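Structural characterization, general
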Amino acid sequence: MFGPTRLRAAENDAALDARIDTCTIGRLRLVTIAYNQAVQIEPQPNKDEFVIQTVLAGTCRVETPRGATEMPPGATFVFSPTVPTSVSLHPGCERFRVVMRRQLIEEAFRQQFSFDPPAPIEFDMQPVANDGRAERWQALVSYLRAETRVRREGGAVPAVGQNTDAVLASLGYAP
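Criteria and cut-off values
Residues numbered from 1 in each chain as written. Predicted model: local features only at pLDDT ≥ 70, side-chain atom pairs only at ≥ 80, totals over all residues. Heavy atoms only, no water. Helix = DSSP H or I, 4+ residues; strand = E, 2+ residues; numbered from the N terminus. Contact = heavy atoms within 4.5 Å. Pairing = 2+ DSSP bridges. Phe/Tyr/Trp six-rings, centres within 6.5 Å; stacked < 30°, edge-to-face > 60°. Axes fitted to C-alpha atoms, helices over the stretch in contact; angles between N-to-C directions. Salt bridge = Lys/Arg side-chain N within 4 Å of Asp/Glu carboxyl O. Buried < 20%, exposed > 50% of the residue type's maximum accessible area, 1.4 Å probe, protein only.

1. Topic: the side chain of Ser86
- The topology assignment puts Ser86 in strand β9 (residues 86–89).
- When residues no more than four places from it in sequence are discounted, the contact partners of Ser86 are Gln40, Ile41, Glu42, Arg61, Val62 and Glu63.

Printed below as a string of structure tokens:
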């Protein structure tokens, strides 16, 4: 579901259980996920996807070569495929993730700036700024989670998802 990833459970003698709700809209994969215990997650090299992660409940710790930070409920980070990352999920941590291929982000960059990215695109490993984007993102998370539930129940309207991936990809470049 997430490409090559190493996952280690904190309790070796206990069964690892995951609660996963997933949906595909256009070129996006939407995933709400929680584990029954603390886990350590290490995406492996050569992934070709960006992940926008919002913590819904509990907390997790994100470590990159640039430092480490705690993600409380409501915090949103964008994980870039070129930045080595390790995530430690505390028990009870539930996350909503939007997974999109690198190509989608590069297309949004070209549309916004009319030229190719000069290097691989990387986003800062810091919470989404509270300058209007965070509020728009939280509203979009609510919509996407509702859309996931509706689609799971068979009520999808194809036209609803046609431009959702373009809207999401452009949020990082919107003023």
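Back to the write-up after that little detour.
2. Quick look at the pairing of strand β2 (residues 18–25)
- With eight bridges joining them, β2 and strand β3 (residues 28–35) adopt antiparallel strand pairing. The residue of β3 that forms the bridge with Asp21 is Thr32.
- Between β2 and β3, which follow one another and run antiparallel, lie two residues, and Gly26 among them has a positive phi close to 60°.

3. A short note on the packing of aromatic side chains
- With the rule as written, the count across this model stands at four aromatic pairs.
- Ring geometry for Phe50 against Phe123: centres 5.6 Å apart, planes inclined by 85°, an arrangement best described as edge-to-face. Linking Phe50 in strand β5 (residues 49–57) with Phe123 in the loop between α1 (102–113) and α2 (133–152), this pair joins segments that are 73 residues apart in sequence.
- Following the ring pairs from residue to residue traces out a cluster consisting of Phe109, Phe113 and Phe115.

4. So, the sheet that holds strand β7 (residues 67–71)
- Spatially, the five strands line up as an open sheet ordered β1-β4-β9-β6-β7, and their pairing is antiparallel. Each end of this open sheet is capped by a strand with a single partner; those strands are β1 (5–9) and β7. Within this sheet the neighbouring strands show an average axis-to-axis angle of 15°, counted without direction.
- Bridging between strand β6 (residues 60–64) and β9 involves four bridges; their strand directions are antiparallel. Residue pairing for β9: Cys60 is matched across the bridge by Leu89.

5. Regarding the sheet that holds β2
- The strand order across the open sheet formed by five strands is β2-β3-β10-β5-β8, and the pairing between neighbours is antiparallel. Every other strand in the sheet has two partners, leaving β2 and β8 (76–79) as the edge strands with one partner each. Across the sheet, the mean angle separating the axes of adjacent strands is 20° when strand polarity is ignored.
- Of the strands in this sheet, β3, β5 and β10 (94–101) are in contact with α1, which crosses β10 at around 70°.
- In the packing of α2 onto the sheet, the strands contacted are β2, β3, β5, β8 and β10, and the crossing angle to β2 comes to about 95°.

6. Brief notes about the pattern of salt bridges
- Enumeration according to the criterion identifies 13 salt bridges in this entry.
- A salt bridge links Asp116 to Arg110; its shortest N-O distance comes to 3.4 Å.
- Judged by its relative accessible area of 31%, Arg110 is partly exposed.
- Close ionic contact of Glu147 with Arg151 constitutes a salt bridge, the shortest N to O distance being 2.9 Å.

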